[in-house]
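Tertiary structure, described
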Amino acid sequence: MAKLRQNIAVKSKLSSTLKSWLPILQSPIHELEETLGKIGEDNPFLEINSAFSTSLQENLSTKRLSRNLNPAKNSLGDKVELLTIYEKSLIESLQEQILPPLFPTIRSQQIALGIIDNLDEEGFFDCEWESFLEELKESGIETSVDEVERVRARFCHLEPAGIGAKDLGESLVFQLDASELEGEDYDIALSIVKDLENHNRFKKYKNYERIMKVIRDFNRIPNLEFQEDSMPVIADIIVTQEGNNIELNLNDSYYPSMIIEKPSTKILDEQFFKTKLKEARDLVDALDMRRATLRKIGLMIIEYQYEFFTGGEIKPMKLKDLADEFGHSPSTISRAISNKFLACTRGVFPIKSFFTTAIDGDTSNASIKDFLNEIIKNEDRKKPLSDIKILEMIEKKFDLKMVRRTITKYRKQLGILGSSQRKRMYEMSMQETI
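From a predicted model like this one, the values you see are computed outputs, not experimental measurements. (Residues numbered from 1 in each chain as written. Predicted model: local features only at pLDDT ≥ 70, side-chain atom pairs only at ≥ 80, totals over all residues. Heavy atoms only, no water.)

1. Digging into the overall build of the chain
Counting its secondary structure elements, the chain contains 20 helices and 10 strands. Considering the chain as a whole, with its 434 residues, one finds that 42% of them fall into the buried category. Of the contacts made within the chain by residues no fewer than 6 positions apart, 65% connect residues no fewer than 24 positions apart. Accessible surface computed for the chain: about 24,300 Å², of which carbon and sulfur atoms make up 49%. (Helix = DSSP H or I, 4+ residues; strand = E, 2+ residues; numbered from the N terminus. Buried < 20%, exposed > 50% of the residue type's maximum accessible area, 1.4 Å probe, protein only. Contact = heavy atoms within 4.5 Å. Areas by Shrake-Rupley, 256 points an atom, 1.4 Å probe, with all protein chains shown as cover.)

2. Digging into the confidence of the model for the chain
Averaged over all residues, the pLDDT of the chain equals 78, while 80% of them reach at least 70. Averaged pLDDT values over the elements of the chain bottom out at 41 in helix α3 (residues 52-65) and peak at 94 in helix α8 (residues 145-152). (pLDDT = per-residue confidence, 0-100.)

3. What to know about the side chain of T408
Within the secondary structure layout, T408 lies in helix α19 (residues 404-413). Relative accessible area serves as the criterion here: at 13%, T408 is assigned to the buried category. For T408, the side chain forms a polar contact with the side chain of D387, separated by 2.7 Å. (Polar contact = N/O pair within 3.5 Å; in protein donor to acceptor, adjacent residues only side chain to side chain.)

4. Observations concerning the packing of helix α10 (residues 183-193) against helix α11 (residues 208-216)
Two elements in contact, α10 and α11, have axes separated by 10 Å at closest approach and are oriented at 55°. One finds that α10 runs oblique with respect to α11. Between α10 and α11 lies a crossing whose hand is right-handed. Seen from α10, the contacting residues are D185, I188, A189, I192 and V193; seen from α11, they are R210, I211, M212 and I215. Tallied by class, residues from the contact of α10 with α11 come to 7 nonpolar, no polar and 2 charged. (Axes fitted to C-alpha atoms, helices over the stretch in contact; angles between N-to-C directions. Parallel < 35°, antiparallel > 145°, perpendicular 65-115°, else oblique. Left-handed = near helix turned anticlockwise from the far one by under 90°. Nonpolar A, V, L, I, M, F, W, Y, C, P; charged D, E, K, R; others polar.)

5. Quick look at unusual backbone geometry
Put simply, P100 and P101 share a cis peptide bond, and its omega is 5°. Locating P101 in the fold gives a position in the loop between α5 (90-95) and α6 (106-117). With an omega of 5°, the peptide bond between E159 and P160 qualifies as cis. Of note in the backbone geometry, N339 takes a positive phi value of approximately 60° without being a glycine. Note on placement: N339 falls in the loop between α16 (330-337) and β7 (341-344). Residue classification places N339 among the exposed positions, given a relative accessible area of 53%.

Encoded structure:
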């Protein structure tokens, strides 16, 4: 009987800790302090000290300095800090896109970079031509307005859509060129964006509603998504490498510290004191369980995805594998890893991205996407591959059956344009000799 009572007591303690553990585990790291505060707000014996604002400022400062640092000379601790935050600016995002085939030569790339340097705070191209051409001349590029305009026309294929346009009207045209509207639909849409106030005159056109839905989704400010005062992505798990040695660290510098303070004077309501003291201890235990859970998740990812961290591709890994390990449903684990990130030498990744769906046997959707990327990179630019043709190639390569809409979905996820749009892009780059 005594053993039964002991088991019930242990189970009761675990259950009360679990009640706090799940919401604490599911909270993104930047909301952790708020979650803890809400759970413990009426507990007079619990003091929660914030570490978030200090850690964020320190890491942001470190990030700003990181470009001048040689990672090979940094200590392991420095590398952990440099991997903590990922916050790509608009300029960095655009610079990464100034590549062939869209900008096939060094000359066109330098002009494109000059255009980027002259974008205003909303993402529009705003400059005095004389001074702009002089700037390029000083950097060794003697060009003309016509040549610059031919390069700038290719900005319609960059992200965010509409970037580099001179004004709203041109930005809408850029976004239209990047859309999937074709043929007569494209022509009608072009007429509409050039005269938006009178769009009703096209109401009788059969695809009017579809065209207007596409246009309504266009950004009025190209730089909108980069203007939002959003929270930087903060990695929960940091994987560092020294040669063949892979090490896991938790980014718990953002975790608030919790101190349980026993009252200095006698509490009249002894039961209230015991209850609140137990709740405070459960909360501390729950935070420790979050640490232990994320560490275990990180170790499982390293074990399953070791080849990825050494330069390979992501292998099939199911949420059920993780759920079985923890004794919870896949849906609970899915919520637990949502909005959490892992940083490594290859970049910062949502933890969910390591749980790829197995298409067939050992073939993952990551493998399919890698192959899709490769065949697009090497396709005939005069005859870009249609989604149907890509489907045939993938089915032959991996010996499996798929449907075309899956290929279309993967292509869009990879940011690859449709075949007709790619053809227009290729023609634009091939017509230019710069």
